Structure formats: C-alpha cells, structure tokens
Amino acid sequence: MSRCLQLAKNGLGNTYPNPMVGSVIVYEDRIIGEGWHQQAGQPHAEVNAVNSVNDQSLLDKATIYVSLEPCSHFGKTPPCSDLIIAKGIKKVVIGTVDPFAEVAGRGIKKLIDAGCEVLVGVLEQECQQLNKRFFTFHQKKRPYIILKWAESLDGFIAPEAKSRSSREPVWITNSYSKQLVHKWRAEEQSILVGTKTVEADNPSLTTRDWSGKSPTRIVLDRELKISEESRVFDESATTLVFTEKTKESTSSTKYITVDFNKNLITEVLQTLYKEGLQSVIIEGGSTTLQNFIDQELWDEARVFKGKQNFHNGISAPKLSNAQPIRSSQLTGDHLVYYTHVND
C-alpha cells in the first residue's frame, strides 16, 4: 500500500476532479504490475496496473492493492470494479472507502458480491491524507483551504504603502521560495486575493516559474475598483470576480454578484464548490487571511519568514487553533507548515 501511495502522488495537480490513486498487483510476494491515475479522462490506476502485467494468466492468482475504493459507476471510463472481476482477481486490498456519492461503498459491495476477498482500511489515514482535497470537497461541500503568506522577521507582510515606489510586490522571500509557491499553484485548483493585494502588487497569480496549469484566479472586488489593465484580467487563466456590482462576463473573466454584508466567505466557498473547485490557496492580504482564520475556515497554512525587518507596515495574520507539523529552510527563508486543529 505504501507503493500505491508513492505511485498516486505522481498525479498531483493533474487528476482533478478525480482523486489521486495508485495500484499494485502482487503475485507470490512479487510486484508484477503497477499503475496510477495520470489525468482525468484517462484510464484509472487499476486499469494501468492490470495492463502493465506481462503474464495476464497470473491475475486470477494475484492480489491487487489500490489506495482508494475501485469505482463502480460509468463516468468517462468504465467501472474498475468490473475490470477486477472480469480479470478474475480474487483478492483486493483497499486503502480507504471513496467518499464520492456515486461510489461510497458500492465498489466494495460489487467485489464482495462477485466472490472477491476484500480487505479495507490498510494505511487508511495515509490514503485519506493523500486525497485531503477530494475528501474535504465531498464531505464538507467546500474546497480544501490553504493559507499562504510571507512575513518579515518582525512580523509584517508588507511595508507601509508610502514607502513603496511602484505597483509591484515587495519580495520578502528569495527566488527559491518564489518557485516553490508557483509549484504549489500548479497543484491546486484556485487561488484567492482581495482588492488591496491586486491594487498594491498587480500579481499574475499564475505558474510562470513552474510547469503546470495555472489555477483559477478568485478576486474579491466589492466596488469593481480594480483596473481592467491589471494582470489578473489577462487571458492566461480564468478569473472569477466576486462583487456587489453587476458586470457582463467575458470569455476568461466571470463576474459573480454577492452581498458583501452577509457572510462573504461562506458565499465564496459555496460558489467555488458549485464551480467544482476542490482546493483554494488564500494569498490575499492580512485582512482577507485573518477573516478565514477568524471564521475557522482553513485546513492548512504555509508561512514563510524572511530575513529582513520592516520595523512598521501591515502586520501579518495571527493563526489560532494551529499546530505546526513541519518546517524547512530554503537558502535563508524559514518555512513552517501548520494544520488546523478543530476544538
């Protein structure tokens, strides 16, 4: 199962809206086939594992391991549970049950009804953690939320506005950290900022320094104050703008009218769920980030600490109910990962 997880990770950022899945086929304690789900619409992990077996006559005496319950419904590809049954594989070891309503135990039932010996729950927590975005989306009906910011040694995310000479970001971290952030963007489905961040930094919010698809850009612009010349409105990625105004959408920019006096964050998350976006990075300013923190609507935080002091400026957000899980150094920058601890 550890090998299944290892294989599944190869699909990070490429399988949406599907989960990452790995599969291994074992005969007499020897791996004879393996595969993973590489991209939505393409064959699932079990299909790739079966197809990689050179001697197909061994399948009815082999055991198939899969990190997530084999599907039982027709989507873009046929059901994997049917394939396992058709190939005569009698032993199936599954990491965790699929939370997707179209599966959710049906694949396991189909295998058992066909006479397969099925074991469920091997490395279950690890298998669920691998697909934390997929599980959060289907169980909580919202995207998996990652908070991200960089702060100075003395706890500021930006210097005072009057000390800035241009509408460009003031970099706290180095180029290695910047490239890592672009890698993260390629792994997630959307990225969110507020009006002030766009006006101050004019960000692109794309994966310019990493190979991969740019996330959908989410912009909170209550009064439609942001200039149409801003980079978030170029056609390099789709942009969703939440506003109180009404404006006609374009081919790459969709305007969504909401009431900012109500619970804006909840409305935004409900819309992202309807749009099928399973994850979002919150890269907004301190106020936007703090709003998510105060409403306990976050799952993970990634906080960089640079090497310089600003002495004054915009204070960094303050995490609550946060548990540091690991840290690393990137040629001088200190990066700490936190997970949200529910009371």
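Residues numbered from 1 in each chain as written. Predicted model: local features only at pLDDT ≥ 70, side-chain atom pairs only at ≥ 80, totals over all residues. Heavy atoms only, no water.

Notes on the sheet that holds strand 4 (residues 91-96)
Rules: When DSSP finds two or more bridges between a pair of strands, those strands are recorded as paired. The way it works is that DSSP assigns letters per residue, a run of H or I at least four long becomes a helix, a run of E at least two long becomes a strand, and they are numbered from the N terminus. Where helices are involved, their axes are fitted lines through C-alpha atoms of the stretch in contact, as for all axes, and angles between N-to-C directions lie from 0 to 180°. Any two residues having at least one pair of non-hydrogen atoms within 4.5 Å are treated as being in contact.
Read from one edge to the other, the open sheet built from five strands follows the order 2-1-3-4-5, with strand pairing classed as mixed. The strands lining the two open edges of the sheet, one partner per strand, are strand 2 (30-36) and strand 5 (117-120). Between one strand axis and the next, the sheet turns by 15° as a mean value, whatever way the strands run. Along the sheet face, helix 4 (residues 106-113) touches strand 4 and strand 5 and points at about 150° away from the line of strand 5.

Observations concerning the UniProt feature "binding site: NADP(+)" (unreviewed entry) in the protein
Here is the rule we go by: UniProt positions are given in the numbering used here, feature names are shortened, and annotations may be inferred rather than shown by experiment. With a 1.4 Å probe rolled over the protein chains alone, any residue whose accessible area is under 20% of its type maximum counts as buried; one over 50% counts as exposed, and the rest are partly exposed.
In the numbering adopted here, UniProt assigns the feature "binding site: NADP(+)" (unreviewed entry) to Ala-150, Trp-171, Thr-197 and Asp-201. A compact arrangement is adopted by the annotated residues: their sequence extent is 52 residues, whereas the largest C-alpha distance between any two is 13.9 Å. Following the sequence through the fold, Trp-171 ends up in the loop between strand 7 (156-158) and helix 7 (175-187). Note on Trp-171: relative accessible area 48%, which makes it partly exposed. Not counting residues within four places of it along the chain, the set of residues in contact with Trp-171 comprises Lys-178 and Gln-308. Assessed through its relative accessible area of 13%, Thr-197 is described here as buried.

A short note on the domain arrangement of the protein
For clarity, the cut-off: Per the annotation, domain bounds derive from an automatic or database assignment of domains. Values labelled buried area give the accessible surface lost by two parts on being combined, using a 1.4 Å probe and summing over both.
In terms of domains, the protein is made up of domain 1 (1-134) and domain 2 (141-340). Domain 1 and domain 2 are separated by 35 Å when their C-alpha centres are compared. Counting residues at the interface gives seven residues for domain 1, matched by nine residues for domain 2. When the buried area of domain 1 at its contact with domain 2 is split by residue, Tyr-16, Lys-132 and Arg-133 rank highest and sum to 69% of it.

Some remarks on the layout of surface pockets
Put simply, the test is: Put simply, the grid is 1 Å and covers the protein atoms alone, a cavity is a trapped set of points that fit a 1.4 Å probe, a pocket is an open set with protein on both sides within 12 Å along at least five of seven lines, and lining residues have an atom within 4 Å of a point. Grid points are joined across faces, edges and corners, and a volume is the space filled by probe spheres set on the points. Basically, the charged four are Asp, Glu, Lys and Arg, the nonpolar ten are Ala, Val, Leu, Ile, Met, Phe, Trp, Tyr, Cys and Pro, and anything else, Gly included, counts as polar.
Size it by volume and the second largest pocket reaches roughly 930 Å³. In terms of lining residues, the second largest pocket is bounded by 32 residues, among which Gln-129, Leu-130, Lys-132, Tyr-144 and Glu-300 are the most central. Contributions of two or more residues to the lining of the second largest pocket are made by helix 5 (124-130), helix 6 (132-140), helix 7, strand 13 (300-305), strand 15 (322-330) and strand 16 (333-340). Per-element tally for the lining of the second largest pocket: the top contributor is helix 6, with six residues. Counted by class, the lining of the second largest pocket contains 11 nonpolar, eight polar and 13 charged residues. The residue makeup of the lining of the second largest pocket includes at least three contributed by each of domain 1 (1-134) and domain 2 (141-340).

Re unusual backbone geometry
Comment: phi is negative for the bulk of residues other than glycine, and the bulk of peptide bonds are trans. Residue Tyr-16 is joined to Pro-17 through a cis peptide bond whose omega torsion reads 5°. Counting through the fold element by element, Pro-17 comes out in the loop between helix 1 (2-8) and strand 1 (22-27). Positive phi, normally seen in glycine, also occurs at Leu-224, with a value near 55°. Within the fold, Leu-224 resides in the loop between strand 9 (216-220) and strand 10 (239-243).

Things to note about the packing of aromatic side chains
This is how it is decided: Side-chain rings of Phe, Tyr and Trp (the six-membered ring for Trp) are treated as a pair once their centres are within 6.5 Å; stacked means planes under 30 degrees apart, edge-to-face means over 60, and tilted covers the remaining angles. Here, a charge over a ring means that NZ of Lys or CZ of Arg falls within 6 Å of the ring centre while also lying within 35 degrees of the ring normal.
Under the definition given, this model contains four aromatic pairs. Geometrically, the ring pair formed by Phe-134 and Phe-135 is edge-to-face, given 6.4 Å between the ring centres and 80° between the ring planes. Residue Phe-135 is classed as buried on the basis of its relative accessible area, which comes to 6%. In this structure an aromatic cluster arises from ring pairing among Trp-184, Phe-304 and Tyr-337. The residue whose ring lies beneath Arg-302 is Trp-184, and the NZ or CZ to ring-centre distance is 4.6 Å. Across the ring face of Tyr-337, the terminal group of Arg-326 is positioned such that the distance to the ring centre comes to 3.8 Å.

Quick look at helix 6
Summarising burial for helix 6: seven of the nine residues are buried, a large majority. Once helix 6 finishes, Lys-141 follows within two positions and takes phi at roughly 60°, a positive value.

A word on helix 9 (residues 264-274)
The cut-off we apply is this: The reported arc concerns the directions from the helix axis to the C-beta atoms and nothing else.
For helix 9, the complete set of buried residues consists of Leu-264, Ile-265, Val-268, Leu-269, Thr-271 and Leu-272. Seen end-on, helix 9 carries its buried residues on one side only, within an arc spanning 160°. Backbone geometry just after helix 9 places Gly-276 at a positive phi near 80°.

Some words on the state of the cysteines
Cut-off, in case you're wondering: The term disulfide is used for any two cysteine sulfur atoms that are within 2.5 Å.
All told, the structure shown has zero disulfides when counted by the stated rule. Cysteine Cys-80 is unpaired, with the sulfur of Cys-71 as its nearest cysteine sulfur at 3.8 Å. No disulfide involves Cys-116; its sulfur sits 13 Å from the nearest other cysteine sulfur, which is in Cys-80. A relative accessible area of 9% means that Cys-116 is categorised as buried.

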